[in-house]
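# Topology and contacts: notes
As a plain string of letters, each chain reads:
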2 protein chains.
Amino acid sequence: MARKHDPDFLTSVELEFMNGLWAVGSGTVREIMANMDAEVDRAYTSGATVMRILEQKGFVASDKKDRALVYTPVLSKNEYQGRSIRQMSKSLFDGAPGALVARLVDDEMLTDEMIEQIRSLLDDKQEKSNG
Amino acid sequence: MARKHDPDFLTSVELEFMNGLWAVGSGTVREIMANMDAEVDRAYTSGATVMRILEQKGFVASDKKDRALVYTPVLSKNEYQGRSIRQMSKSLFDGAPGALVARLVDDEMLTDEMIEQIRSLLDDKQEKSNG
DNA sequence: GCATATGTACTAAGTTTTTAGATGATAAAT
DNA sequence: ATTTATCATCTAAAAACTTAGTACATATGC
């Protein structure tokens with residue numbers, strides 16, 4: 001059954017599976033599930049259903065190798081990260097990505113190490129754009 | 001009807017309404033809906049239902065003023081922003097907020113102004129924690 | 001006073017999400 | 001060769017999401 005309005009974003013369970021898939025590159029349901037932060041004990045068929053839905057939604061493609069379906073991401077993790085950041089920026093930070101970073105930096109849970117990491121990223125960015 | 005597992009995060013429609021509420025501070029269903037980016041034409045009763053659910057979930061509280069219920073956020077936008085960033089960092093950036101910034105800096109147009117702004121936020125942050 | 005507007009509360013329908021059982025095909029093990 | 005494991009596919013069911021109608025109460029306009 002096709003979906004009325006296929007969504008641009010993953011549900012939390014779908015994201016779990018996509019993370020498993022991105023981790024292995026390509027793989028069968030079992031391989032994907034083996035590469036997930038498995039705090040949840042899920043039946044194999046549940047995983048198969050999720051992967052089938054992800055294919056319906058266009059996030060993955062499948063190819064039959066011997067008996068098993070081997071799934072491959074259609075969307076890279078990098079692309080999905082960008083899409084997610086833009087969505088969050090739009091829906092929660094008035095469309096300003098800078099506001100998102102500002103909020104992140106403002107967070108108490110940020111260690112000095114993380115701050116230095118961000119600072120050097122900003123240095124690189126300015127070097128690249130200003131010569 | 002109470003929910004089995006009350007979630008920490010808003011659905012997209014709920015977020016629309018919370019943005020409306022955060023924008024007005026406190027307000028009735030009608031006031032909230034008036035302050036939403038109203039690309040969708042929704043019935044008043046739909047809004048009332050969403051607000052009731054948001055109260056069930058603990059995101060807002062209500063207080064009867066005359067006839068109408070005046071809703072107030074339980075969670076500030078700032079708090080929810082932090083929660084969302086942490087969630088996204090955890091689920092999509094291996095728990096490293098720096099990786100999120102890296103991804104953002106990588107393909108978004110951050111002006112020098114924004115970068116300087118962020119840099120001074122970082123300075124403030126380190127001053128506060130170290131000096 | 002009566003019609004109109006505005007409000008809550010209840011109810012419900014359609015869809016999506018999440019999980020997993022049942023069935024049948026095919027490969028592997030003994 | 002028959003049992004056992006693995007796989008896809010079909011089906012289903014509970015929960016959540018989204019929208020809105022209906023009913024009823026209470027103000028407001030005339």
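Higher on the page you've got the structure.
These figures come from a predicted structure and were not determined experimentally. (Residues numbered from 1 in each chain as written. Chains lettered and ligands numbered in written order. Predicted model: local features only at pLDDT ≥ 70, side-chain atom pairs only at ≥ 80, totals over all residues. Heavy atoms only, no water.)

## Digging into the relation of the copies chain A and chain B
How we decide: Only residues with pLDDT of at least 70 in both copies contribute their C-alpha atoms to the least-squares superposition of the copies.
The transform that puts chain A on chain B rotates by 178° and translates by 0.5 Å along the axis, for an RMSD of 1.3 Å. Within this description, the copies of the chain are treated as partners about a two-fold rotation axis. In terms of C-alpha distance to the rotation axis, chain A has Val101 of chain A as its closest residue, with the C-alpha 3.0 Å off the axis.

## A few points about the protein's contact with DNA strand C
Put simply, the rule is: We define proximity as follows: a residue is near a molecule or strand when any one of its heavy atoms falls within 4 Å of that partner. Under this definition, polar contacts are N or O atom pairs within 3.5 Å; protein pairs additionally need one hydrogen-donor-capable and one acceptor-capable atom, and for neighbouring residues in sequence, both atoms have to be side-chain atoms. Helical segments are the DSSP runs of H or I of at least four residues, strand segments are the runs of E of at least two, and each set is numbered from the N terminus. Nonpolar residues are Ala, Val, Leu, Ile, Met, Phe, Trp, Tyr, Cys and Pro. Charged residues are Asp, Glu, Lys and Arg, and all others, Gly as well, are polar.
The full set close to DNA strand C counts 22 residues, and Thr11 and Arg42 of chain A together with Arg30, Tyr44 and Arg67 of chain B are the nearest of them. Each atom of DNA strand C within 4 Å of the protein was classed as base or backbone; sugar and phosphate made up 67%. Between a phosphate oxygen of DNA strand C and a side-chain N or O atom of Ser46 of chain A, the distance comes to 3.3 Å. For the surface near DNA strand C, the elements supplying multiple residues, two or more each, are helix 1 (12-24) and helix 3 (44-56) of chain A together with helix 3 (44-56) and strand 2 (68-73) of chain B. The leading source of residues in the surface near DNA strand C is helix 3 of chain A, at 4 residues. When the residues that make up the surface near DNA strand C are grouped by side-chain class, the tally is 6 nonpolar, 7 polar and 9 charged.

## Describing the interface of chain A and chain B
What counts, and what does not: Should any heavy atoms of two residues lie within 4.5 Å, those residues are considered in contact. Each of two parts loses accessible area, computed with a 1.4 Å probe, when they are put together; buried area is these two losses added. Any carboxyl oxygen of Asp or Glu that lies within 4 Å of a side-chain nitrogen of Lys or Arg is treated as forming a salt bridge with it.
Counting residues at the interface gives 44 residues for chain A, matched by 41 residues for chain B. Between chain A and chain B, roughly 4100 Å² of surface is buried when both sides are summed, and carbon and sulfur atoms account for 64% of that area. Between the two partners, chain A and chain B, sit 3 salt bridges. In this structure, Asp123 of chain A and Arg119 of chain B form a salt bridge, with 2.7 Å as the shortest nitrogen-oxygen distance. Where chain A touches chain B, the interface holds 11 residue pairs in polar contact (both at pLDDT 80 or more). If you list the elements that add at least two residues to the side of chain A that touches chain B, you get helix 1, helix 4 (77-92), helix 5 (97-106) and helix 6 (112-130) of chain A. Ranked by residue count, the leading element in the side of chain A that touches chain B is helix 6 of chain A, at 14 residues.

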